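Structural characterization, general
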Amino acid sequence: MSAVMITRKVRKWEKLPGKNTFCCDGRVMMARQKGVFYLTLFLIIGTCSLFFAFECPYLALHLSPTIPVFAVVLFLFVMAMLLRTSFSDPGVLPRALPEEATFIEMEIEAANGNVPQGQRPPPRIRNVQINNQIVKLKYCYTCKIFRPPRASHCSICDNCVDRFDHHCPWVGNCVGKRNYRYFYLFTMSLSLLTIYIFTFDIVHVVMRSVDNGFLNTLKETPGTVLEVLVCFFTLWSVVGLTGFHTYLISLNQTTNEDIKGSWSGKNRVQNPYSHKNIFKNCCEVLCGPAYPSVLDRRGVMQEDSPVSASSAAPDNNSSSSSSSPEPQAMHAVLCLQKPTAPLIPNEHTPDDAKPSIAASAQKSPSPKEEHPPPSKAPPLASPEAEVEASNTKDKTH
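I will try to describe carefully the structure that is included in this document. (Residues numbered from 1 in each chain as written. Predicted model: local features only at pLDDT ≥ 70, side-chain atom pairs only at ≥ 80, totals over all residues. Heavy atoms only, no water.)

With respect to the sheet that holds strand S6 (residues 145-146)
Strand order across the open sheet formed by three strands is S4-S5-S6, with antiparallel pairing between neighbours. What marks the edges here is a single partner per strand, and that holds for strand S4 (125-129) and S6. Here strand S5 (residues 134-140) runs beside S6; their pairing, made up of two bridges, is antiparallel. Residue pairing in the sheet places Cys140 in a bridge with Ile145 of S6. (Pairing = 2+ DSSP bridges. Helix = DSSP H or I, 4+ residues; strand = E, 2+ residues; numbered from the N terminus.)

What about the packing of aromatic side chains?
Overall, the coordinates contain twelve aromatic pairs when judged by the stated rule. On the numbers, 6.3 Å between centres and 85° between planes, the contact of Phe52 with Phe75 is edge-to-face. Of this pair, Phe52 sits in helix H1 (residues 35-62) while Phe75 is found in helix H2 (residues 66-86), placing the two residues 23 residues apart along the sequence. What makes Phe52 partly exposed here is its relative accessible area of 27%. Classification of Phe75 as buried rests on a relative accessible area of 15%. Their ring planes at 90° and their centres at 6.2 Å tell us that Phe232 and Trp236 sit as a pair that is edge-to-face. Taken as a pair, Phe232 and Trp236 lie in helix H6 (residues 222-251) at a separation of four residues, close to a single helical turn. Classification of Phe232 by relative accessible area gives partly exposed; the value is 38%. Here a set of aromatic residues connected by ring pairs shows up, and it is made of Phe51, Phe52, Phe70, Phe75, Tyr196 and Phe200. Over the aromatic face of Tyr182 sits the side chain of Arg84, whose NZ or CZ is 4.3 Å from the ring centroid. Taking NZ or CZ as reference, Arg163 lies 5.3 Å from the ring centre of Tyr180, over its face. (Phe/Tyr/Trp six-rings, centres within 6.5 Å; stacked < 30°, edge-to-face > 60°. Buried < 20%, exposed > 50% of the residue type's maximum accessible area, 1.4 Å probe, protein only. Lys NZ or Arg CZ within 6 Å of the ring centre and 35° of its normal.)

Structural notes on the pattern of salt bridges
Per the counting criterion, the structure on display carries four salt bridges. For Asp25, the salt bridge goes to Arg11, with nearest N and O atoms at 3.8 Å. A residue pair is termed long-range when its members are at least 10 positions apart, and Asp25 in the loop between strand S2 (20-23) and strand S3 (28-31) and Arg11 in strand S1 (residues 3-11) qualify at 14 residues. The class of Asp25 is partly exposed, set by a relative accessible area of 31%. With relative accessibility at 25%, the residue Arg11 sits in the partly exposed group. Arg150 serves as the salt-bridge partner of Glu257, at 2.9 Å between the closest nitrogen and oxygen. (Salt bridge = Lys/Arg side-chain N within 4 Å of Asp/Glu carboxyl O.)

Set out below in structure tokens:
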């Protein structure tokens, strides 16, 4: 059974390598491991829902109506920053095409030369100069590229990410060049929201305890107790994370560089990306330009898919028969008008059909008529017969 190649158009996000998931026709990009991200949504939405249901009515009535309004604004900002961090491209670098990978391999082999058998080949590194300092670019064996400065390969998403900071399971995505500022704004706003809810939970319990007593207040408001416990254990981690990233931003470093000790190791190499000024470093990270994605996720590419010829043949026949009824009708009319020769040779043929039969015979002669027999010549007369004939002619004269 033969196969026919059919070319169809597909979106590039459907064929992108790596361990990412795409939604909304490639507009949303996340990691495959999203269980912890759903837990983050549940904790934030659940805690805020309890606060709006139990504390806000009492606080708006006895203290100020602006308390729930500010809580709603802060909650919406937290959710916006979380979704923006989770659903965006963190700065994934495209992998090299087969032709590019082959060319890079040839360059590396030409630069390193022939390595003797049994010896380890030299590391694939290129040196570039940034702010009068040498920075090494490492080769990625998965993506087949030399990674740009500050880029690293994420083992969870299986992609190289530009200015890779870390992979955060709480947001369900990598944190890199394109979404780091949104991640920092998310942690900072979540810290403020946690402190805000925790503070007014305590105020609510104290105000009710003055009238009803502390134990009776805890029995009447079980949601408040649950909120206090969640906020208490969340507060230390979220506030601590915000403080740590504030420190990194002031030095213009990433979490990956801080863990590896890239600029504070034994060599005491200075950070070439730092402006030696906290204000300039913060402005570059938080107020710098928004970098576009280099993936072209929603682009269109051609894909050849094999299809069996037997399944495609009936469709072609049916389409041809349905699309061209006029030639078939003309062919049927010509067949009806065309006279046919008699089936039996001795059969009498009508006079009106004889010309057409003769014409057809001239056009397609039979095998017997292709080589006709030679015509018979009259017999030659003998000499005696000729003399007798001449004598008879003389007598008559």
